[in-house]
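Next come the chains, spelled out residue by residue.
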Amino acid sequence: MMPLYDHPQHAQSDASVGGGAEPKATLLVVDDEPAVRRVLVTRLQLAGYRVISAEDGEAALTLFHQDPPDLIVLDVMLPKLDGFAVCRRLRAESCVPIIFLSALDTISERVAGLDLGADDYLPKPFSPKELEARIATILRRVGRGSGVTEQCDVPVGQGVLRVGDLVVDTNRRQVTRGGDRIALTYTEFSLLELLFREPGRVVPRAEILEQLWGYPPRRAADLRVVDVYVARLRGKLEPDPRNPELILTVRGTGYASQRIGETPTTVPA
């Protein structure tokens, strides 16, 4: 029988998982319910991941620094330090992808989690296959080794976009204004890149959700994920987020970058 790793001190998964092949990535699973934790660890190991786990928020932070994962599956309701507090602390130092799990599926809680910088939010009960699909989608987008801030600058994309005093470097996934770097998570940068890929084009919210999160909208709360991330981007990039000039709302449809006719100039990298 495959061993289960419930305690942080014994969290590293068996290297033989997946027929001896190198694991796809390292995942940190944080949940205070032993039964839920065991199921998640086992299912994700069977999917080929190396899995480490913790039962409370403080243990999760300790384990994160001891053995930085490629992605974190984080329950909201945790003892000692809840998932929101854990996310807040991690975002102060890392852009590691985070998927929240919660028994509470209110829009306000989902918005609160995403507003802290989480990459996705999955309400309980959920299908393990759906969790695996969302993990795979995020890891395809960000790659491995995103647990440390210094490793966030993975070379992808082509060229540099200059929008007024804002410089978007898609090679290093960096955004600067007047030479000062603006910290964006992987998901925030991916959203920015999608919107500015074809300046002026209206991108429907459903398309944004599918492109960035890998699943079609099934209910209004799913589309709210997009709205939250647009609001986060505006808060970081717009001089006046209440009167945006870079990312515009197209009522009833989605969002568009820049005003019509004000396309950014491509400059050499």
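Under the annotation held in an unreviewed UniProt entry, the chain carries the name Probable transcriptional regulator ycf27 and is attributed to Paulinella micropora. A UniProt comment under Function (unreviewed entry) is attached to the chain, and it reads "Probable promoter-specific protein mediating the interaction between DNA and RNA polymerase." Check the Subcellular location (unreviewed entry) section of the UniProt entry for the chain; it says "Plastid".

**Student:** Could you clarify how one ought to interpret the sheet that holds strand β5 (residues 120-123) in this entry?
**Tutor:** Strand pairs in the sheet, formed through backbone hydrogen bonds, run parallel or antiparallel to each other. Spatially, the five strands line up as an open sheet ordered β2-β1-β3-β4-β5, and their pairing is parallel. One side of each edge strand has no neighbouring strand; the edge strands of this open sheet are β2 (50-54) and β5. With direction set aside, neighbouring strand axes in the sheet form an average angle of 20°. As paired elements, strand β4 (residues 98-102) and β5 share four bridges and run parallel to each other. Bridge pairing in β5 places L101 opposite L122.

**Student:** I tried to follow the packing of helix α6 (residues 186-197) against helix α8 (residues 220-237) on my own but got confused; where do I start?
**Tutor:** Here α6 crosses α8 at 90°, and the two axes come no closer than 10 Å. Classified by the angle their axes make, α6 and α8 are roughly perpendicular. On the side of α6, the interface is formed by T187, E188, L191 and L192, while α8 contributes Y229, V230, R232, L233, K236 and L237. Among the residues forming the contact of α6 with α8, the class breakdown is six nonpolar, one polar and three charged.

**Student:** Explanation requested: the environment of W213 in the structure shown.
**Tutor:** By the element assignment, W213 lies in helix α7 (residues 205-213). Non-local contacts of W213, meaning those with residues more than four positions away in its chain, are made with D119, D120, T137, R141, T187, I208, V225, V226 and Y229.

**Student:** Is there a simple way to think about the confidence of the model for the chain in this case?
**Tutor:** Any region with low pLDDT has predicted coordinates that should not be read closely. Within the chain, residue pLDDT values average 79, and 80% of them lie at 70 or more. Across the chain, element-level confidence peaks in strand β1 (residues 26-30) with a mean pLDDT of 97 and bottoms out in strand β13 (residues 265-267) with 42. Within the model, pLDDT remains below 50 along residues 148-157, and this stretch shows 24 contacts once partners closer than five positions in the same chain are excluded. Low pLDDT, under 50, characterises residues 260-269; the stretch is placed with 18 contacts to residues that sit more than four places away or in other chains.

The rules behind the values
Residues numbered from 1 in each chain as written. Predicted model: local features only at pLDDT ≥ 70, side-chain atom pairs only at ≥ 80, totals over all residues. Heavy atoms only, no water. UniProt positions renumbered as here; feature names shortened; annotations may be inferred. Pairing = 2+ DSSP bridges. Helix = DSSP H or I, 4+ residues; strand = E, 2+ residues; numbered from the N terminus. Axes fitted to C-alpha atoms, helices over the stretch in contact; angles between N-to-C directions. Parallel < 35°, antiparallel > 145°, perpendicular 65-115°, else oblique. Contact = heavy atoms within 4.5 Å. Nonpolar A, V, L, I, M, F, W, Y, C, P; charged D, E, K, R; others polar. pLDDT = per-residue confidence, 0-100.

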